Every structure is written in structure tokens, then in C-alpha cells.
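A closer look at the structure
Take a look at the letters that make up each chain.
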Amino acid sequence: MAKSTKPAAKKPAPARKGAAKPAPKAEAGKIAKTQIIDMVADKTSLNKKQAGDAVATVIDCIVEALRGGSSVGMPGLGTLSVTQTAARTGVRPGTSERITIPAGKKVRFKVATTLKGTL
């Protein structure tokens, strides 16, 4: 049996008591709701339960406004709005069958110019 040429993975060093906890890293992927709650708790005087309630309340308010047909502006981030889509013809993948896609609604996000400039 041949040995692998792959180097062994290093284990992270154990955290010391009293050491400052590093801020959650923003990876190239998606940030989960729990990570947002952790960030809010770290940057404010709220504990994780209170931060979780605050984040959930903000999300609920945004969803409620969008369901009511309003747009939601978040300074420095952008604007969420609901737009109407028209009915259109599409092709079913695999069978090449022509189908009609019904009209509907979708959420649109327009990035704020201040954020665009910093990216």
C-alpha cells in the first residue's frame, strides 16, 4: 500500500481562557443568520438572545413590507422592491417541450451607490 503524498491537516490551537474571540470571517460564500446574530451581539451591548430577536424582527418587518407591496430602503445597502413579471414561454429542460410560465411577482434589489463604490 502506497503512502499518501498529501500533507497532514493541522489542528487549530486550543483557545486560551480570557482570550478575545476573533470576529466571524466573511467567506466568499454565504453568511448564515446565526453568523449575523453573532456579529450583532459582538458589535453591540446585546446578548445573543436579544441580538437574535432583533435580527428576526428586522427580517419580519422587511418581509411584511414587501408583502404589502412597499419597497424597503436600507441606507448604505440598497432598496428591496416587488416587481410584477409578465407571462412568458419557456422550454422544459430535458424534453424540449414548450411551456407557458405564468405571470408572477419577484423581489428586486437595487444596490446603493455608496456600496457600489466601496466594492
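Please refer to the structure placed before this passage.
As the structure is a prediction and not an experimental result, all values here were calculated from the model. (Residues numbered from 1 in each chain as written. Predicted model: local features only at pLDDT ≥ 70, side-chain atom pairs only at ≥ 80, totals over all residues. Heavy atoms only, no water.)

**Looking at the overall build of the protein**
For clarity, the cut-off: The secondary structure listing takes helices from DSSP runs of H or I that are at least 4 residues long and strands from runs of E that are at least 2 residues long, numbered from the N terminus. The cut-offs for exposure are 20% and 50% of the maximum accessible area for each residue type, with area from a 1.4 Å probe on protein chains only; residues under the lower value are buried, those over the upper are exposed, and the others partly exposed. Any two residues whose heavy atoms approach within 4.5 Å are treated as being in contact.
In terms of helices and strands, the protein carries three helices and five strands. Mapped in sequence order, the helices and strands of the protein form the string α-α-β-β-β-β-β-α. Counting all 119 residues of the protein, 11% fall into the buried class. Sequence separation of 24 or more characterises 30% of the internal contacts of the protein that already satisfy a separation of 6 or more.

**Details of helix α2 (residues 48–67)**
The criterion, for reference: Between the first and last residue of a helix there are one fewer steps than residues, each counted as 1.5 Å, and that sum is the expected span. The directions from the helix axis to the C-beta atoms form the arc being described. Polar contacts, as counted here, are pairs of nitrogen or oxygen atoms within 3.5 Å of one another; within protein the pair requires one atom able to donate a hydrogen and one able to accept it, and residues that are adjacent in sequence qualify only if both atoms are side-chain atoms.
Between its terminal C-alpha atoms α2 stretches 28 Å, which fits the 28 Å expected from 20 residues at 1.5 Å a residue. When α2 is considered as a whole, its buried residues turn out to be Ala51, Gly52, Val55, Ile62 and Leu66. Along α2, the residues classed as buried sweep out an arc of 105 degrees about the axis, all on the same side. Of the exposed residues in α2, the ones pointing more than 90 degrees away from its buried face are Lys49, Asp60, Glu64 and Arg67. The elements touched by buried residues of α2 are α1 (33–43), β1 (72–74), β2 (78–85) and β5 (104–111). If you check the start of α2, you find a side-chain oxygen 3.0 Å away from the backbone N of Lys49, and it comes from Asn47. Following α2 by one or two positions, Gly69 has its phi on the positive side, about 90 degrees.

**Topic: the sheet that holds β2**
Quick note on the threshold: Strands are treated as partners if at least two bridges between them are detected by DSSP. Under this scheme, a helix contributes an axis fitted over its contacting stretch, all axes are lines through C-alpha atoms, and angles between N-to-C directions fall in the 0 to 180 degree range.
If you walk across this open sheet you meet the three strands as β1-β2-β5, and the pairing is antiparallel. Single-partner strands in this sheet number two, and they are β1 and β5. Between one strand axis and the next, the sheet turns by 25 degrees as a mean value, whatever way the strands run. Where β1 meets β2, three bridges bridge the pair, whose relative direction is antiparallel. Within β2, the residue paired with Gly73 across the bridge is Thr79.

**Quick look at the packing of α1 against α2**
Basically, it comes down to this: Throughout this description, any angle smaller than 35 degrees is read as roughly parallel, any larger than 145 degrees as roughly antiparallel, any in the 65 to 115 degree range as roughly perpendicular, and the remainder as oblique. By convention, the crossing between two helices is left-handed when the near helix turns anticlockwise from the far helix through less than a right angle, and right-handed when the turn is clockwise. Gly falls in the polar group here, along with every residue not listed as nonpolar (Ala, Val, Leu, Ile, Met, Phe, Trp, Tyr, Cys, Pro) or charged (Asp, Glu, Lys, Arg).
Here α1 crosses α2 at 120 degrees, and the two axes come no closer than 8 Å. Between α1 and α2, the interaxial angle falls into the category oblique. Of the two possible hands of crossing, α1 and α2 adopt the one that is right-handed. On the side of α1, the interface is formed by Lys33, Ile36, Ile37, Asp38, Val40 and Ala41, while α2 contributes Lys48, Ala51, Gly52, Val55, Ala56 and Ile59. Of the residues assigned to the contact of α1 with α2, the class counts are eight nonpolar, one polar and three charged.

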